[in-house]
Amino acid sequence: MTEHTDVAVITRPQIRVQDSAKSFSGRTVVDVEDITFGDKPIEGLIGPNGAGKTTLMRMIMHSISLDRGTITLSPVPGDPSADVVLSRLPSHRMAGHGVVKSNQVIMDFDKLTILDSLLLACAHHRYEQPHRIFEEQRVYNEGIEEITQYLEFFSFPDPYGFALSAGEKKLLDIVRCLLLKPKVLLLDEPTAGLSDEATEQVMHVVRDLAASGTSVVIVEHDLNVIWNLCDEVHFMAEGSILMRGTPDEIREHKTVIEKYLGEGHV
Ligand SMILES: Nc1ncnc2c1ncn2[C@@H]1O[C@H](COP(=O)(O)OP(=O)(O)OP(=O)(O)O)[C@@H](O)[C@H]1O
Ligand SMILES: [Mg+2]
């Protein structure tokens, strides 16, 4: 009998954005015809400041309303019966469907310690009243092991204290996302303000997550992160996705150089 050594095929969740637009004060900032995220494990979304990247991520999360369009999650591509129309869901239901986003602008954790913030993330799915996590020993015990692993991995100096530096807050937000066990993880400038070491650590956990079947979309201006991490890159400018391709195709493309990278980029 021949041993079967093929690597198991991982079905990757996809998000499709169709004919979707958003304007602010009459100015269209996103107008996307038809794009799919999740064809590849880790996809980048790059483009100049104001291109509409964060707005597009927020449209997917439905944390802002759409002027028009449909955004669909296919947890099992090829099985339309499992599709979920995200653009009809309230944003607080996204995590329940495995769609999770980190924030470009650092969230305010001033009122909770690092540990309590993360315990709250663990409680998100399980309790209608998430504050009960602080009372329930069993859930605390379940959550604390995973939390401790992340806190040690990222070397948080004092989990019982508050996240003080911008970098700590950024990492805390990323760990919060990981604890939600995302099927699709949208990362909006996850490494902005992080040390080189912490950036490497974030890249490491993102690779692990993608290898386990999560679809990752990462918005970044640190292009070393994009070129090193992504299997595919979408280029966005003036509200539209102008092209997609491999990192090499995108970094060498005339339009990307003209509109974003500039001549002589490395
Ligand atoms: N809530 C808002 N009200 C008004 N205008 C907004 C709002 N959010 C975004 N915009 C505008 O929409 C445009 C796109 O912004 P967005 O934040 O999506 O860009 P971005 O590609 O994420 O840029 P960056 O790389 O600087 O983060 C910008 O001109 C911005 O000023
Ligand atoms: Mg942005």
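### Let's talk about the overall build of the protein chain
Counting secondary structure elements, the protein chain contains eight helices and 10 strands. The buried share of the protein chain, reckoned over its 266 residues, is 38%. Partitioning the contacts of the protein chain with sequence separation of at least 6, the portion at a separation of at least 24 is 68%.

### What about unusual backbone geometry?
In the Ramachandran plot, histidine 62 falls in the positive-phi region, its phi being about 55 degrees despite a non-glycine side chain. Turning to its location among the elements, histidine 62 is positioned in the loop between α1 (53-61) and β4 (68-74). For histidine 62, a count of 19 C-beta atoms within 10 Å corresponds to the partly exposed category. Not every positive phi belongs to a glycine, and lysine 181 is a case in point at roughly 55 degrees. By the secondary structure assignment, lysine 181 is in the loop between α4 (166-179) and β7 (184-188).

### Section: the pairing of strand β10 (residues 240-245)
Residues in a regular strand point their side chains to alternate faces of the sheet. In this sheet, β10 lies alongside strand β9 (residues 232-237) in antiparallel orientation, the contact comprising five bridges. Each bridged residue has a counterpart across the sheet, and for phenylalanine 235 the counterpart in β10 is methionine 243.

### Some details on the sheet that holds β7
Adjacent strands of a sheet pair through backbone hydrogen bonds, lying either parallel or antiparallel. Read across the sheet, six strands follow the order β6-β7-β8-β3-β9-β10 without closing on themselves; strand pairing throughout is mixed. Edge positions in the sheet fall to β6 (99-101) and β10, since each of these pairs with one other strand and no more. Geometrically, the sheet is characterised by an average inter-axis angle of 20 degrees between neighbouring strands, direction not taken into account. Relative to β9, strand β3 (residues 42-46) runs parallel, the two being bridged by four bridges. From the neighbouring strand, glycine 44 faces β9, where its bridge partner is valine 233.

### Regarding the sheet that holds strand β5 (residues 84-85)
Strand order in the open sheet formed by four strands is β2-β1-β4-β5, with antiparallel pairing between adjacent strands. Across the chains shown, the open sheet's two edge strands, defined by having one partner strand only, are β2 (27-37) and β5. Direction of pairing for β4 relative to β5: antiparallel, over a ladder of two bridges. When the sheet's bridge partners are listed, leucine 73 is paired in β5 with valine 84.

### Observations concerning the packing of α4 against helix α5 (residues 196-211)
The N-to-C vectors of α4 and α5 enclose an angle of 10 degrees; their axes lie 12 Å apart at closest approach. Classified by the angle their axes make, α4 and α5 are roughly parallel. Touching Gly167, Leu171, Ile174 and Leu178 of α4 are Ala198, Val202, Val205 and Leu209, all from α5. Considering only residue class, the contact of α4 with α5 consists of seven nonpolar, one polar and no charged.

### Here's the deal with the environment of valine 184
On the secondary structure map, valine 184 appears in strand β7. Taking the number of C-beta atoms within 10 Å as the measure of exposure, valine 184 has 25 and is therefore buried. Valine 184 sits 31 residues away from serine 215 along the chain, and the two C-alpha atoms are 4.7 Å apart.

### Observations concerning the nonpolar core
Ranked by internal contacts, the top residues of the largest apolar core, which has 62 residues, are Ile60, Leu118, Val175, Leu179, Val216 and Ile218. Element by element, the count of residues in this core is highest for α4, at seven residues. When neighbours within four sequence positions are excluded, valine 175 is seen to be in contact with Leu118, Tyr150 and Phe154.

### Observations regarding α5
The terminal C-alpha atoms of α5 lie 23 Å apart, and with 16 residues this matches the ideal 22 Å at 1.5 Å per residue to within 8%. For α5, the full list of buried residues reads Thr199, Val202, Val206 and Ala210. All buried residues of α5 lie within an arc of 70 degrees about the axis, which places them on one face of the element. Away from its buried face, by an angle of more than 90 degrees, α5 presents the exposed residues Glu197, His204, Asp208 and Ala211.

### Some points on the environment of histidine 97
Considering the arrangement of structural elements, one finds histidine 97 in the loop between β5 and β6. Look at histidine 97 and you get partly exposed, because 16 C-beta atoms sit within 10 Å. Separated by 13 residues in the primary sequence, histidine 97 and valine 84 place their C-alpha atoms 8.3 Å from one another.

### Focus: the pairing of β3
Judged by how many residues are buried, β3 sits mostly within the fold: five of five residues are covered. Burial along β3 is two-sided: Ile42, Gly44 and Ile46 facing one way and Glu43 and Leu45 facing the other are all buried. Note that β3 and strand β8 (residues 215-219) share four bridges and pair parallel. The partner of glycine 44 across the bridge, within β8, is isoleucine 218.

Parameters at a glance
- Residues numbered from 1 in each chain as written.
- Chains lettered and ligands numbered in written order.
- Predicted model: local features only at pLDDT ≥ 70, side-chain atom pairs only at ≥ 80, totals over all residues.
- Helix = DSSP H or I, 4+ residues; strand = E, 2+ residues; numbered from the N terminus.
- Buried ≥ 20, exposed ≤ 12 C-beta atoms within 10 Å, placed from the backbone.
- Contact = placed C-beta atoms within 7 Å.
- Pairing = 2+ DSSP bridges.
- Axes fitted to C-alpha atoms, helices over the stretch in contact; angles between N-to-C directions.
- Parallel < 35°, antiparallel > 145°, perpendicular 65-115°, else oblique.
- Nonpolar A, V, L, I, M, F, W, Y, C, P; charged D, E, K, R; others polar.
- Core = buried A, V, L, I, M, F, W, Y, C linked by C-beta atoms within 7 Å.
- Expected span 1.5 Å × (residues − 1).
- Arc of directions from axis to C-beta.

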